[in-house]
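So the chains spell out like this:
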Amino acid sequence: MLELFDAPLLPGLATRANLITADEEHMLIDRIDATGLEPFRFQGWTGKRLTTSFGWSYDFEVGRPKDAPPMPDWLLPIRDRAADFAGLAPETLIQALLIRYDPGAGIGWHRDRPIYGHVLGISLGEPATMRFRRRRADGFDRASLPLDPRGGYHMSGPARHDWEHSIAPMEHLRWSITFRSLAEHR
Ligand SMILES: O=C(O)CCC(=O)C(=O)O
Ligand SMILES: [Fe+2]
C-alpha cells in the first residue's frame, strides 16, 4: 500500500529511524547496565524487566510519584535529541526510564500513567514489535509497530491516551530509554 507509506500507523504515533548512532547505542547499553537496574515491582508482583528512573519516578507499589536522581550528563544529549524529534522543549522531559528486557521479559498491556503527558522511546539491542490495541464494543482494534534498534517513537494524542501498548516477551536482549513529560493541567 504505497500511498500509506508515510502515514502514521495510529494518530499521535510518530517514529524516527536512527535517532542515535551505533556508537551511542553501545555507550548507552553500557551505561544502562551499570546503573543498578532493579526488577520492576507492581503491588507485590515482580516483573522480569529491569528498570531505573531518573528525574522523576512513579512508585507502582504505593501508586504515587517519588523523587529520583537527576538525569546524568551522558543522558542529556539523548534527551535533547528526543525532544527535538518530538518538537518539545528538552526540559519538559522530566523523566527518563531505562529498561533492560532479558530473554523472556516483556511488558504487558497498559497505558502509561495519566500523570505523564508525552512519551518518547528509543530502542537499543534487538528489534522488537510494539503492539497496540483499543477496545471497541465487539473486540479490539489492533496495530503493530516494529521497533528497530536506534530508532525513536513518540506517543501523544490517541496513540497515547486511547490505545494500550505492550511488547511480547522476547528471546533476545533489548534495552529501551523512555522520556516523559508531565501531563498538562486540565
Ligand atoms: O520498552 C519500551 O520501548 C516501552 C516501555 C513502556 O511501554 C513503558 O515503560 O511504559
Ligand atoms: Fe508504556
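Note that the coordinates shown come from a computational prediction; the quantities given were computed from them, not determined experimentally.

Caption draft 1: Main features of the overall build of the chain. Within the chain, the regular secondary structure consists of 3 helices and 13 strands. By the compact-globule yardstick of 16 Å for 186 residues, the chain fits well, its C-alpha radius of gyration being 16 Å. Burial status across the chain gives 46% buried among its 186 residues. Accessible surface, the chain: about 10,100 Å² in total, of which carbon and sulfur atoms supply 52%. Looking at the chain, you have 23 positive and 25 negative side-chain charges, and the mean spots of the two groups are 7 Å apart.

Caption draft 2: Fine view of helix H2 (residues 76-86). Considered for burial, the residues of H2 that qualify are Ile78, Arg79, Ala82, Ala83, Phe85 and Ala86. On an axial view of H2, the arc spanned by its buried residues comes to 160°, and they lie on one face. Along its buried surface, H2 packs onto strand S1 (13-16), helix H1 (22-33), strand S8 (116-125), strand S11 (152-155) and strand S13 (174-182). Downstream of H2 by a residue or two, glycine 87 has a phi angle that is positive, lying close to 70°.

Caption draft 3: Structural context of the site of ligand 1. Close to ligand 1 lie 13 residues; Tyr101, Tyr153, His165, Arg174 and Ser176 are nearest. Between serine 176 and ligand 1, the recorded distance is 2.8 Å, taken from a side-chain N or O atom to an oxygen atom. Measuring from an oxygen atom of ligand 1, one finds a side-chain N or O atom of arginine 180 at 3.1 Å. A total of 300 Å² of accessible area belongs to ligand 1 in isolation, and the protein chains cover 95% of it. Secondary-structure elements contributing two or more residues to the shell around ligand 1 are strand S6 (95-101), strand S7 (107-110), strand S12 (164-167) and S13.

Caption draft 4: Structural view of the UniProt feature "domain: Fe2OG dioxygenase" (unreviewed entry) in the chain. Cross-referencing UniProt, the feature "domain: Fe2OG dioxygenase" (unreviewed entry) maps to residues 92-183 in the present numbering. The annotated region residues 92-183 carries 5% helix and 61% strand content, and the separation between its end C-alpha atoms amounts to 10 Å.

Caption draft 5: Examining the coordination of the iron ion (ligand 2) more closely. Taken together, His110 (NE2), Asp112 (OD) and His165 (NE2) make up the protein donors of the iron ion (ligand 2), found 2.0 to 2.1 Å from the metal. If you list the donors of the iron ion (ligand 2) from N- to C-terminus, the spacing comes out as H-x1-D-x52-H. Of this pair, aspartate 112 sits in the loop between S7 and S8 while histidine 165 sits in strand S12, and the two are 53 residues apart along the sequence.

Caption draft 6: Representation of the nonpolar core. Core analysis: the biggest nonpolar cluster contains 26 residues, and Leu28, Leu75, Leu124, Ile177 and Phe179 have the highest contact counts within it. Of all elements in the fold, only H1, strand S3 (45-54), H2, S6, S8 and S13 reach the threshold of two or more residues within this core. In this view, leucine 75 contacts Leu28, Phe54, Ala96, Leu98, Ile177 and Phe179; residues no more than four positions away in its chain are not counted. Leu10, Leu145, Leu147 and Tyr153 belong to the second-largest nonpolar core, a separate cluster that totals 20 residues.

Caption draft 7: Structural context of the pattern of salt bridges. Summed over the entire model, instances satisfying the criterion amount to 10 salt bridges. With a closest N to O distance of 2.9 Å, arginine 100 and aspartate 33 form a salt bridge. Separated by 67 residues along the polypeptide, arginine 100 in strand S6 and aspartate 33 in helix H1 bring together distant segments of the chain. Assessed through its relative accessible area of 18%, arginine 100 is described here as buried. The class for aspartate 33 is partly exposed, based on a relative accessible area of 35%. Between arginine 136 and aspartate 141 there is a salt bridge, with its nearest N and O atoms 2.4 Å apart. Among the ionic contacts, a cluster of salt bridges with common partners joins Arg134, Arg136, Asp138 and Asp141.

Criteria and cut-off values
- Note on numbering: residues in each chain are counted from 1, in written sequence order.
- By the order in which they are written, chains take letters starting at A while ligands take numbers starting at 1.
- In view of the model being predicted, local features appear only for residues whose pLDDT reaches at least 70, and side-chain atom pairs are presented and counted only at 80 or more, with totals across whole chains, interfaces and linings using the full set of residues.
- The basis for the side-chain values is all heavy atoms of the structure; hydrogens and waters are excluded.
- The helix and strand labels rest on DSSP assignments: H or I over at least four residues marks a helix, E over at least two residues marks a strand, and numbering proceeds from the N terminus.
- Throughout, radius of gyration means the C-alpha value; the globule benchmark is 2.2 Å times the number of residues raised to the power 0.38.
- When a residue's accessible area, from a 1.4 Å probe over protein chains only, is under 20% of the maximum for its type it is buried; when over 50% it is exposed; and in between it is partly exposed.
- The accessible surface values rely on the Shrake-Rupley method and a 1.4 Å probe; as for residues, cover is taken only from the protein chains in view.
- Counting rule applied: Lys, Arg positive; Asp, Glu negative; His and chain ends not counted.
- Think of each charge as sitting on NZ of Lys, CZ of Arg, CG of Asp or CD of Glu.
- The reported arc concerns the directions from the helix axis to the C-beta atoms and nothing else.
- Any two residues whose heavy atoms approach within 4.5 Å at even a single point are treated as in contact.
- Residue proximity to a molecule or strand is established when one non-hydrogen atom of the residue lies within 4 Å of it.
- Side-chain atoms alone can form a polar contact between residues adjacent in sequence; in general such a contact is a pair of N or O atoms within 3.5 Å, and within protein one must be able to donate a hydrogen while the other accepts it.
- UniProt positions are given in the numbering used here, feature names are shortened, and annotations may be inferred rather than shown by experiment.
- In this analysis a donor is any N, O or S atom within 2.8 Å of a metal ion (3.2 Å for sodium, potassium and calcium), and since water is not included, sites may seem incomplete.
- We define the nonpolar core as a collection of buried residues of types Ala, Val, Leu, Ile, Met, Phe, Trp, Tyr and Cys that are connected through side-chain atoms lying within 4.5 Å of one another.
- One side-chain nitrogen of Lys or Arg within 4 Å of one carboxyl oxygen of Asp or Glu is enough to make a salt bridge.

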